[in-house]
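Survey of secondary and tertiary structure
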Amino acid sequence: MGERSRWIIGVVVLGLVLSCLGPAGADEKEAEAAARREAMLEAGRTRFCRTHYYFKRPEDEKLSGVDMFMFDAEQFTRFQYDHFIDRQMSLLMVGLLLDEAGHVLVGDMHFEDKYIDRIEVEAPDGTRYPAVRAKLLDRAPAVLLKITEPLENWEVRGFVEQDRIEDPARVFAVSLRRTGRRWWLSLERMGAEFAYEGAGDTSDRLSGHSASSFFGISTGEELFNPFAMFDGSRRGGLMAVSRQPSLLCNERGEPIGAALSGLPLDCRQEEADWQHERLLNGPGLTFAELSELVEKCREELAGKIYKCRLLYRLTGGESRGFDFGAILERSMRMGMGIGEDAGKERTTFALAVSPTRLIVPYSIGREEAAKIEKIEITVADKTLEAELVGAFQEIGAFLVDLKEGMLPAATALTQKERPDRMRLFLTATAEEKFGKKHLKVQPNRWLREARGYKNGYYISPVHALPQGTWLLNKSLEVIGLYARQRTEGEELRGFASGGMPMFMMSELTGGHARVFWTPELSELLADPIAHFDPQIRHKTEEEAKRTVWLGVEYISLGRELAKQLNVEKESKDGTIGLYVNLIYKNSPAEKMGIKNGDILLRIETRKRPDPIELSAHRGEFDFFSFDWEDFMDYRYVEEYGGAKPRWPLRCNYLTMMLRTIGVGEKVELTYLHEGKLETKELVIQQAPRDFTSAKKFKHKEVGLTIKDLTYEVRAGLRLGDDKQAVVVAKVEPGSPAKVAKIMPFELITAVEGTSVGSAEEFGERIKKALTEKRESLRLTIDRLGKTRLADLDLSQIEEGASE
Amino acid sequence: MDSKGRVVGINTLGVWTGVMGFAIPSNECRRIIALLEGDGKVVRAWTGMEIQALKDFDSNTFLDSDDGVLIKGVEELSPAEQAGLASGDILFEVNGEKVHGMYVEQLPAIRRALGDLPVEEPAALGVRRDGRTLQLTLTPVLKGAVEGKDFDCRRWNMTVKGITKHTNPSLYYYRKKGVFIRAVRYPGNANQAGLKRHDVILRIGTEEIETIEDVERVYEALIAEEEREKKVLITVLRDGLEQLVVMDYRKDYEKED
């Protein structure tokens, strides 16, 4: 091994390398193979080097703590910089010397110039040379470094000219690897196992790929794990485990080029380069050119991307706790929202596609859209009002139209081109920074793609992309949008698997994002109405609160209960099934003939491929065991300071699911009736007003929120249809109502001895009393059949005070 | 006892620290003793009217009246309802005796007076309603049991009790006669099964439960049955809704420590 490769401690040969080459006799063949192996390893020993990146803090920037959980490329790098700078550590990357002029190939780690203090290349003999970044390659995810001093005692054997690979199985890759502190060279034959499956064959080409990924270079430690990078080795160097160069050798053991680990090898160099000559002289950008391009891109987009503020309706206190749809949506979108989710407003950024129309690449849910009260677009220093046109069915984006005024600039989404694999393009993400619009522009490229839902293309970008990112070509034209792929019936996914969608890990990722190339986008924009999701629209507060009903209350079965009821088979050991224990009058359930004691098993809807198995709780032994209904109870308790009404909450699992399917949808309900399975058609109907959506009267000074007596309250309290009363929904602290010891969920049956039947009527009586400047008002309170009298002291209340 | 050694009250409930205690005054005792010596039982009348002080500082409700007591409510199907009393009336006279219920402290005396009315004998009530004075006639009936009987389902680690309208009005509201769970012990089988205090027991297995004797009978029969799997389906009424609970009593909590 010699002195000059003192850090190369061991050589490991992988696989049955070279064993089957050449037609000669066994011994001869063996000797020949050994010689070639040694030639390749020698090439590796001489060409591989270690590069050290040292970072600095740019003067104009104060680096601050970064949220660990935001795996956004820029923030992540920032996080690294912080560590490197604070600890004065260098980042260690494997480099490959391409020529004796001092060009070194390293993986593209996307470091900005302003953070780089200096770069050093450590030759195999330990000599350190200063280096600069010469070029960002266009046809390989790599950077070319140039050593700025002449090389001493660093000689390498020249490359052999070869511009295509006929049989990937006859190519070898030499890579420098590290395990702990031990550095070693690996020698692998590429894709040996798959050599027969597509060698030189174009049948498995996917949109012009010249090689299948089976012929890729193995990755070693490809996983980009931040923790794997921190390694307290002696000199405090850190190892970057991203793409590293491998030396490619032909079957004669002669070096022919270099490729990056973890990538498919493009045998014909149609899209990506590996030949040394092409790597050295191929297209690319100097980092000065890149900075200039990024700056130009920012300027170009600054006039086309606008800040778009969504202002939401504030829902009243008593309804806030019940907005489960919104909670559900929020949990589904965790980590993919733009701006702050303060509950009252959200800041997003919209791209102008015409002087009055903008597209907002933000996946908005039904509950959220329903609550939008106002949309504001910031143009220069003016704020223009806009309205929601609609949200797309397939892509997590929506359109808004200006109500007044015009936008100074817009983008015509006409660019048909999509970038080839490995080629550089720019990405632009708008975000809020110190209260101002900030465009984050970065170079990126994609390495692989796959077909997904409805034949959409999913690409794997080199640098992670946040959803809502625009893609631009080098001429700064918009070529695509990276956004969430919405799938049909996705809102129902959580319900289908039973129980609480909130804690389903798969939902937390926010679904899958892909690139929607411009032709796809312009098709959507040409006829947006045809592509809108009709369920995503603005709703009045009242409309938003109204829900649907089957008209039953139920209990979840569970294993023991299923056994006792002898329905183990039908209920799959009690894992599914809702045991009906109440049927509301005049409800769809009553009309269908469902009876107390029936067990609802499944619902089939055209929106889901499989029937939804009804189960309000997740399995007894499930780690995330969480009962939907328990959660509701908890919300109630939280909302009312411990008080809980003696009537059922209508916002249960079944109702939420039916509501998600949608009013007017036809579904098939399968249930057990007297031991027999029945399947009936059901058209989902809007429910009468329930306690949540009941008409109400609120007077803050008096301290009362009063609601109509609704059907489920009557059923829960066993009141007849003729019972005249209103329900106390809320009592303000310190108010006359509180002093009179009126409690939430009590009934008020009379005011001054005359009965009261609706919140509206109650409100009029209060208002009249205030107009007449009455000192007090006597209410008759009913609590589970026991009545008492309570005086509301009105003497301190101004007439016409807020309601 | 007082300092002369005379009995002034009988202690019924004391807090161990001695700070607070409850006692039955000797006057009350003497009255009841007299009744017990006479008929052998205390006869109480039930009118079904619910009273509230005229000046009720608790709910800040004050009425302009110098005498009488406020009727806050009238129980359904009660003599008071039959007599035509209504919520909001002021009762100022009973059989010619003035009623004074200005403050909450005076209410027990009125309740006692009403309870002492001769059963099944019409009583004349003087009532004020909306400024008018009415004379109503009310015939009290015999008051039923105040406390239901109770029973300890030892093996299930819970106690049950009969519902009465006087002590469990909120349960009586849902079910006029029946049995409710007075307490569940922790740890215990009832607790494990998810039964809760104040659940009204409707059925054990397939047996309908209406009285404490029903529970006793069904419980004893189940416990005696050695062969059966020690699980039974219990149907309870909780907040107006029927709930099904599987009582698994294979484990004997009292045997294990």
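Since this is a predicted model, take the numbers as computed values, not measurements. (Residues numbered from 1 in each chain as written. Chains lettered and ligands numbered in written order. Predicted model: local features only at pLDDT ≥ 70, side-chain atom pairs only at ≥ 80, totals over all residues. Heavy atoms only, no water.)

Turning to the overall build of chain A, a few remarks are in order. The helix and strand tally for chain A stands at 21 helices and 41 strands. Put simply, chain A has 803 residues, and 57% of those count as buried. The long-range fraction of contacts in chain A, counting pairs at least 24 apart against all pairs at least 6 apart in sequence, stands at 69%. A total of about 34,400 Å² of accessible surface is found on chain A, and carbon and sulfur atoms cover 49% of it. (Helix = DSSP H or I, 4+ residues; strand = E, 2+ residues; numbered from the N terminus. Buried < 20%, exposed > 50% of the residue type's maximum accessible area, 1.4 Å probe, protein only. Contact = heavy atoms within 4.5 Å. Areas by Shrake-Rupley, 256 points an atom, 1.4 Å probe, with all protein chains shown as cover.)

How two aromatic rings sit relative to each other is set out by the distance from centre to centre and by the angle between their planes. This structure, assessed with the given rule, holds 16 aromatic pairs over all chains. Centroid distance Trp156 of chain B to Tyr219 of chain B: 5.0 Å. Interplanar angle 85°. Geometry classified as edge-to-face. Here the residue Trp156 of chain B occupies a position in the loop between strand 13 (150–153) and strand 14 (158–162), and Tyr219 of chain B occupies one in helix 6 (residues 212–224), the gap between them amounting to 63 residues. A residue is classified by how much of its surface remains accessible, and Trp156 of chain B, at 0% relative accessible area, is buried. What links up through ring pairs into an aromatic cluster is the set Phe151, Trp156, Tyr219 and Tyr249 of chain B. Its end group placed over the ring of Phe287 of chain A, Arg133 of chain A keeps NZ or CZ at 3.7 Å from the ring centre. Here the basic side chain of Lys437 of chain A rests over the ring of Tyr306 of chain A, its NZ or CZ set 5.7 Å away from the ring centre. (Phe/Tyr/Trp six-rings, centres within 6.5 Å; stacked < 30°, edge-to-face > 60°. Lys NZ or Arg CZ within 6 Å of the ring centre and 35° of its normal.)

Assigned domains of chain B: these are domain 1 (44–142) and domain 2 (148–256). Computed from C-alpha coordinates alone, the two centres of domain 1 of chain B and domain 2 of chain B are separated by 38 Å. (Domains from an automatic or database assignment.)

In this section: a nonpolar patch on the surface. Residue and element names in this part refer to chain B. A cluster of nonpolar residues, Met1, Val7, Ile10 and Ile24, forms a patch on the protein surface that exposes about 410 Å² of accessible area. Following the sequence through the fold, Met1 ends up in the segment before strand 1 (9–14). The class of Met1 is exposed, set by a relative accessible area of 71%. (Patch = residues over 30% accessible without salt bridge, like charges linked within 9 Å, V, L, I, M, F, W, Y side chains within 5 Å. Salt bridge = Lys/Arg side-chain N within 4 Å of Asp/Glu carboxyl O.)

Residues and elements named next belong to chain B. In the predicted model, chain B carries a mean pLDDT of 87, and 95% of its residues have values of at least 70. Mean pLDDT values for the elements of chain B range from 70 in strand 1 up to 95 in strand 16 (residues 200–204). Interface confidence in the predicted complex, given as ipTM, is 0.80; pTM for the same model is 0.73. (pLDDT = per-residue confidence, 0-100.)

This brings us to the nonpolar core. Residues and elements named next belong to chain A. Core analysis: the biggest nonpolar cluster contains 61 residues, and Tyr53, Phe55, Ile147, Trp154, Ile359, Phe392 and Ile395 have the highest contact counts within it. Apart from the residues within four sequence positions on either side, Trp154 is in contact with Thr46, Arg47, Cys49, Leu97, Glu100, Val121, Ala123, Pro124, Tyr129 and Ile147. Ranked by size, the runner-up nonpolar core spans 30 residues in total, among them Leu92, Leu98, Leu280 and Met422. (Core = buried A, V, L, I, M, F, W, Y, C linked by side-chain atoms within 4.5 Å.)

With that settled, the discussion passes to helix 12 (residues 518–526) of chain A. All names here are of chain A. Where helix 12 is concerned, the buried positions are Thr518, Leu521, Leu524 and Leu525. All buried residues of helix 12 project into a common sector of 120° when viewed along the axis, lining one side. Across helix 12 from its buried face, at more than 90 degrees, point the exposed residues Glu523 and Ala526. Next to the buried residues of helix 12 lie strand 16 (357–360), strand 19 (398–402), strand 24 (469–472), strand 25 (478–484), strand 26 (513–517) and helix 13 (528–531). (Arc of directions from axis to C-beta.)

Looking now at the sheet that holds strand 21 (residues 436–444) of chain A. All names here are of chain A. Read across the sheet, five strands follow the order 21-20-24-25-26 without closing on themselves; strand pairing throughout is antiparallel. Only two strands of the sheet have a single partner each, and these edge strands are strand 21 and strand 26. Here the strands of the sheet are splayed against their neighbours by 25° on average, with no regard to which way each runs. Note that strand 25 and strand 26 share five bridges and pair antiparallel. Residue pairing across strands places Gly480 opposite Trp517, the latter belonging to strand 26. Lying on the sheet, helix 12 is in contact with strand 24, strand 25 and strand 26; it crosses strand 26 at an angle near 80°. (Pairing = 2+ DSSP bridges. Axes fitted to C-alpha atoms, helices over the stretch in contact; angles between N-to-C directions.)

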